[in-house]
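# Architecture at a glance
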Amino acid sequence: MEKKAKKTNYLIITIILVVLIWSISGLTIYLVTDNWGDRGTMGDMFGAVNALFSGLAFAALIYTLQLQREEIKLNRTEIALNRNELSKSVKAQQESQEALKQQVAQTHLTAQLNAMNTVINYYNSQIESNKSSQETIDKARAKRRLIIQKIDELIDELDDLDVE
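Note that the coordinates shown come from a computational prediction; the quantities given were computed from them, not determined experimentally.

### Some words on the overall build of the protein
- A tally of regular secondary structure across the protein gives 4 helices and 0 strands.
- Each helix (α) and strand (β) of the protein, taken in turn from the N terminus, gives the series α-α-α-α.
- On C-alpha atoms alone, the protein measures out to a radius of gyration of 45 Å, which is more than a quarter above the 15 Å that the 2.2 N^0.38 rule sets for 164 residues.
- Along the three orthogonal principal directions, the C-alpha set of the protein runs to about 140 × 30 × 20 Å.
- Taking all 164 residues of the protein together, the buried fraction comes to 10%.
- Taking as baseline every contact in the protein between residues at least 6 positions apart, the subset at least 24 positions apart corresponds to 51%.
- Carbon and sulfur atoms make up 60% of the accessible area of the protein, which amounts to about 14,100 Å² in all.

This is the structure:
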């Protein structure tokens, strides 16, 4: 930012200096010569100064083009960096999405296991109850075995999936 301010100050000083020299030359011609013919001749002598200022204007144009070129180069570099950061962001978002999917699957599995545990507890209470008939106890034991087998199957699936 400081470098840009220096360049701007340099440009302003140069413009002021050019206008000052131009004004002094006009005033000098007016004060040194008395008649308009001599003033015209003296003005013609400053044709070289006109060429000089035209050259300075052209140099300023080239300088401006160079500044724009540098600015475009910086913009392209920044765009490339932004693209790189965006690709990293996309990758992180995809990893986050995958982690969320795994979390949902684990939550679903936990809910299934909790439900099965509740059902097993219910069958255990039927088996341990003094009011249950032998037929009810046998059915509860059979259903409890089926649920325990399902739990074993879910655990085997977890081993296969290698869920962390």
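Once the structure has been displayed, the description carries forward.
### Points about the environment of Arg141
- Locating Arg141 in the fold gives a position in helix H4 (residues 134-161).
- Judged by its relative accessible area of 32%, Arg141 falls in the partly exposed class.
- Taking the C-alpha atoms as reference points, Arg141 and Asn124, separated by 17 residues in sequence, lie 8.0 Å from one another.

### Here's the deal with the nonpolar core
- Within the largest apolar cluster, 10 residues are counted, these being Leu109, Met116, Ile120, Tyr123, Ile127, Ile137, Ala140, Ile147, Ile151 and Leu154.
- Taken together, the elements giving at least two residues each to this core come down to helix H3 (47-128) and H4.
- Those residues in contact with Ile137 that sit more than four places away from it in its chain are Gln126, Ile127 and Ser132.

### Topic: the confidence of the model for the protein
- Across the protein, the average pLDDT comes to 84, with 93% of residues at or above 70.
- When pLDDT is averaged over each element of the protein, H3 comes out on top at 90 and helix H2 (residues 36-45) at the bottom at 72.

### Some points on the side chain of Ser132
- Mapped onto the secondary structure, Ser132 falls in the loop between H3 and H4.
- Judged by relative accessible area, which is 19%, Ser132 ranks as buried.
- Here the side chain of Ser132 touches Gln126 through a polar contact of 2.7 Å, landing on its backbone oxygen.
- If sequence neighbours within four positions are ignored, Ser132 has contacts with Gln126 and Ile137.

### Concerning the pattern of salt bridges
- Scanning the model with the defined rule gives 2 salt bridges in all.
- We note a salt bridge from Lys88 to Glu85, for which the minimum N-O separation is 3.9 Å. Residue Lys88 and its partner Glu85 are both found in helix H3; the two are separated by 3 residues, about one turn of the helix.
- Residue classification places Lys88 among the partly exposed positions, given a relative accessible area of 47%.
- The partner of Glu135 in a salt bridge is Lys139, with the nearest N and O atoms 3.4 Å apart. Highlighted residues: Glu135 and Lys139, both in helix H4, separated by 4 residues, approximately one helical turn.
- Exposure remark for Glu135: the relative accessible area of 54% places this residue in the exposed category.
- Accessibility expressed as a relative area gives 48% for Lys139, which makes it partly exposed.

Reading the values: the criteria
Residues numbered from 1 in each chain as written. Predicted model: local features only at pLDDT ≥ 70, side-chain atom pairs only at ≥ 80, totals over all residues. Heavy atoms only, no water. Helix = DSSP H or I, 4+ residues; strand = E, 2+ residues; numbered from the N terminus. Rg over C-alpha atoms; globule rule 2.2 N^0.38 Å. Buried < 20%, exposed > 50% of the residue type's maximum accessible area, 1.4 Å probe, protein only. Contact = heavy atoms within 4.5 Å. Areas by Shrake-Rupley, 256 points an atom, 1.4 Å probe, with all protein chains shown as cover. Core = buried A, V, L, I, M, F, W, Y, C linked by side-chain atoms within 4.5 Å. pLDDT = per-residue confidence, 0-100. Polar contact = N/O pair within 3.5 Å; in protein donor to acceptor, adjacent residues only side chain to side chain. Salt bridge = Lys/Arg side-chain N within 4 Å of Asp/Glu carboxyl O.

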